[in-house]
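Remarks on the overall topology
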Amino acid sequence: MKRLLTIQDVSCVGKCSLTVALPIISAFGVETAVLPTAVLSTHTAFNGFTFRDLTCDIKPIAAHWKEQKIGFDAIYTGYLGSFEQLGLVAEIFDQFKTKNNFILVDPVMADNGKLYHGFDQKFAFEMAKLCAKADIIVPNLTEASFMLNQPYIEKGYDEKYVQETLKKLVDLGAKKAVLTGVSLDGINLGVYGYDGEKNEFFSYYNKHVPASFHGTGDVFASALCGALTINKSLDVALKIAVDFTVDSIEKTVQNKNHNWYGVDFESSIPFLIESIK
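The following paragraphs examine the structure supplied in this document. (Residues numbered from 1 in each chain as written. Predicted model: local features only at pLDDT ≥ 70, side-chain atom pairs only at ≥ 80, totals over all residues. Heavy atoms only, no water.)

With their axes 10 Å apart at the nearest point, helix 2 (residues 55–67) and helix 3 (residues 83–96) run at an angle of 5 degrees to one another. Looking at the two axes, helix 2 sits roughly parallel to helix 3. Along the contact surface, helix 2 presents Thr55, Ile58, Lys59, Ala62, Trp65 and Lys66, while helix 3 presents Glu84, Gln85, Leu88, Glu91, Ile92, Gln95 and Phe96. Of the residues in the contact of helix 2 with helix 3, the class split is 6 nonpolar, 3 polar and 4 charged. (Axes fitted to C-alpha atoms, helices over the stretch in contact; angles between N-to-C directions. Helix = DSSP H or I, 4+ residues; strand = E, 2+ residues; numbered from the N terminus. Parallel < 35°, antiparallel > 145°, perpendicular 65-115°, else oblique. Contact = heavy atoms within 4.5 Å. Nonpolar A, V, L, I, M, F, W, Y, C, P; charged D, E, K, R; others polar.)

Right, dumping it as structure tokens:
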């Protein structure tokens, strides 16, 4: 059985980060090892959440894995909350990278033209250094703009702008870059990617569902990483991840009693399993 390591926080209630990654990746038949960077009672959209930093546990956990000769077929990072965590994760990449596995970094730090609370431009540059160690990076347009220190364009960008941005992202060091939340016609929403080794662009779109929920980026990245781990090609993996994310949002909207804090991705797990086949 393939084994994937995902490094991000645990929001105990909120349908994001590890509570999303673990069930989704497991649905691919992949053993999911976790390295929690923090434990929160809920995600940060709730008021009065509790927070416990687990940064000091990262290095001992990794050392124990090396001692036990535990390896991984893939390593996937999500939200990382500090400069120290970026440095520790970079060390883990160096320790556990092999010629046969891959590293996927989702540089979770910004959206809608703004950095998340607690992050600044210096953090974005350090995240770019971590992305340089990855095989695949999946930023949204905002995160790409901050890492490249270029102006953020919310609407009206063209294909040339997207392709130039992707080439700059690959120039950071990653082999492949995928921009999420891309819409060239203002109607459909999807992903646009670039394979630097093959010098090939690719894209996939689905309908834009007029609803916004916390954690959809984690749903997408987890499904993408799961599909890649079971050796789906990148174009097929992107289709699986996009369609699963859209289906999760649609099922959430259809449920009149849905929670406000995340998508009902659990209802779409059967859809995901069928798409894998």
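This part is about the sheet that holds strand 2 (residues 31–42). Strands pair in a sheet through their backbones, by hydrogen bonds, and they do so in one of two ways: parallel or antiparallel. Across the sheet, 9 strands lie side by side as 3-2-1-4-5-8-9-10-11; this open sheet has mixed pairing. Among the strands making up the open sheet, the edge pair consists of strand 3 (51–53) and strand 11 (200–207). With 2 bridges connecting them, strand 5 (residues 102–105) and strand 8 (residues 136–137) associate as parallel partners. Bridge pairing in strand 8 links Leu104 to Ile136. (Pairing = 2+ DSSP bridges.)

Now for the pattern of salt bridges. Taken as a whole and assessed by the stated rule, the structure comprises 14 salt bridges. Lys129 is the salt-bridge partner of Glu126, the closest N and O atoms lying 3.0 Å from each other. With a gap of 3 residues between them, Glu126 and Lys129 both fall in helix 4 (residues 121–131), about one helical turn apart. Lys176 is paired through a salt bridge with Glu197; the nearest N and O atoms lie 3.9 Å apart. Highlighted residues: Lys176 in strand 9 (residues 176–182) and Glu197 in the loop between strand 10 (188–195) and strand 11, separated in sequence by 21 residues. Members of the salt-bridge network, linked through shared partners, are Lys15, Asp264 and Glu266. (Salt bridge = Lys/Arg side-chain N within 4 Å of Asp/Glu carboxyl O.)

Judged by nonpolar contacts, the single largest core of 47 residues is most densely connected at Leu5, Met127 and Leu169. Among the elements that make up this core, the one with the highest residue count is helix 3 (7 residues). Residue contacts for Met127: discarding those within four places in its chain leaves Leu86, Val105, Pro107, Val108, Met109 and Met147. One finds Ile24, Ile136, Ala223 and Ile276 within the second-largest nonpolar core, a separate group that totals 40 residues. (Core = buried A, V, L, I, M, F, W, Y, C linked by side-chain atoms within 4.5 Å. Buried < 20%, exposed > 50% of the residue type's maximum accessible area, 1.4 Å probe, protein only.)

The next point concerns the pairing of strand 2. Examined bridge by bridge, strand 1 (residues 3–13) and strand 2 share 9 bridges and lie parallel to one another. Residue pairing in the sheet places Arg3 in a bridge with Glu31 of strand 2. Running through helix 1 (residues 17–26), the crossover from strand 1 to the neighbouring parallel element strand 2 is right-handed. Pairing between strand 2 and strand 3: 3 bridges, direction antiparallel. The partner of Val39 across the bridge, within strand 3, is Arg52. (Right-handed = clockwise from strand over helix to strand, strands pointing away.)

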